[in-house]
Amino acid sequence: MDNQADHQHPVGLIAGGGVLPFALADSLLAQGREPILIGLKGFCDPQRIANYRHHWFSVGQFGSIMAALREEGCSDITFIGNLVRPAFKDLRFDWLAVRILPQILQGLRGGDNHILSATARVFEDGGFRVLGVRDLAPDLLMPSGCLTRAPPDAASLSDAAKGREVLRATSPFDIGQAVVVIGGHVVSVEDIAGTDALLVRIKELRESGRLRAKPGRGVLVKAPKQGQDLRLDLPALGPQTIRGIAEAGLAGIAVMAGHSVVAEPQAMVEAADNAGIFVVGLDP
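Under the annotation held in an unreviewed UniProt entry, the chain carries the name UDP-2,3-diacylglucosamine diphosphatase LpxI and is attributed to Afipia carboxydohydrogena.

If you want it as structure tokens, here you go:
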């Protein structure tokens, strides 16, 4: 399938929570491609999805989702947005899901990478091409360099380098994609609760007096896991991330350029500048 043919067909966006599904949909529309959103019940924003052509399904309705995508003429699809690991009892299996239940269970026994990879294989076996933000909307990727008026100082760059080392070391264990480093000390690592919860934890540690570093020091570092399928789960940041960094009293955020997705970049930079926080893209 050549690029010209690609642009003649709509793209299926299997959409979880947050703003990224809609940022991607808007980017596709600007390129002249039609996004078809598959809203996952309990995750995707029902008010915002109403502005786009969409369908609703529960997590686990693989066959029904595929049928809807085929009916819409989508051969290219992507997975986008937040999706907290579902409990087995909350899954709504259709007949296709029942037939591939061993494959689903194997994915659930692994980390998030295993779940996403297993899900992608289900759709690839169904004849779909699974793409990522890097393929569909490179304009949403974090550029290299500092985006804000406040640049990182030498101490922050040292913390960022330490954070990258930590994430590289923890990567094989499929734990998380973010870490907070303050003054060379690893304060907390992202877990299944996500980046926002990590920043709340830093705020609470500071308020309780257990974290004694002065406000305005320390860095949130985000990077994809090594060996991760970059189509499926790139680290993301946006205005909400900046608010969390400010409340946590950190100096800024460092992410991998070209390997992180930025939602609402203008609003994010404005929020960072207003808070005196730096946002920097590190070369891989």
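On to the pattern of salt bridges, then. By the definition in use, this model includes 6 salt bridges. Glu 72 is the salt-bridge partner of Arg 53, the closest N and O atoms lying 2.9 Å from each other. In this pair, Arg 53 sits in the loop between helix 3 (46–49) and strand 3 (54–57) while Glu 72 sits in the loop between helix 4 (62–71) and strand 4 (76–80), placing the two residues 19 residues apart along the sequence. Exposure remark for Arg 53: the relative accessible area of 48% places this residue in the partly exposed category. The salt bridge involving Glu 247 is made with Lys 203; its shortest N-O contact spans 3.9 Å. Of this pair, Glu 247 sits in helix 11 (residues 239–248) while Lys 203 sits in helix 10 (residues 195–207), placing them 44 residues apart in sequence. Sharing partners across several salt bridges, the network here consists of Arg 33, Asp 76 and Arg 129.

A separate point is the confidence of the model for the chain. Of all residues in the chain, 84% attain a pLDDT of 70 or more, and the chain-wide mean is 86. Across residues 1–5, confidence stays below pLDDT 50; counting only partners more than four residues off in sequence or on other chains, it has 4 contacts. Predicted confidence is poor over residues 107–112, with pLDDT under 50, and the contacts of this stretch with residues over four places away or in other chains come to 14 contacts.

Thresholds applied
- Residues numbered from 1 in each chain as written.
- Predicted model: local features only at pLDDT ≥ 70, side-chain atom pairs only at ≥ 80, totals over all residues.
- Heavy atoms only, no water.
- Salt bridge = Lys/Arg side-chain N within 4 Å of Asp/Glu carboxyl O.
- Helix = DSSP H or I, 4+ residues; strand = E, 2+ residues; numbered from the N terminus.
- Buried < 20%, exposed > 50% of the residue type's maximum accessible area, 1.4 Å probe, protein only.
- pLDDT = per-residue confidence, 0-100.
- Contact = heavy atoms within 4.5 Å.

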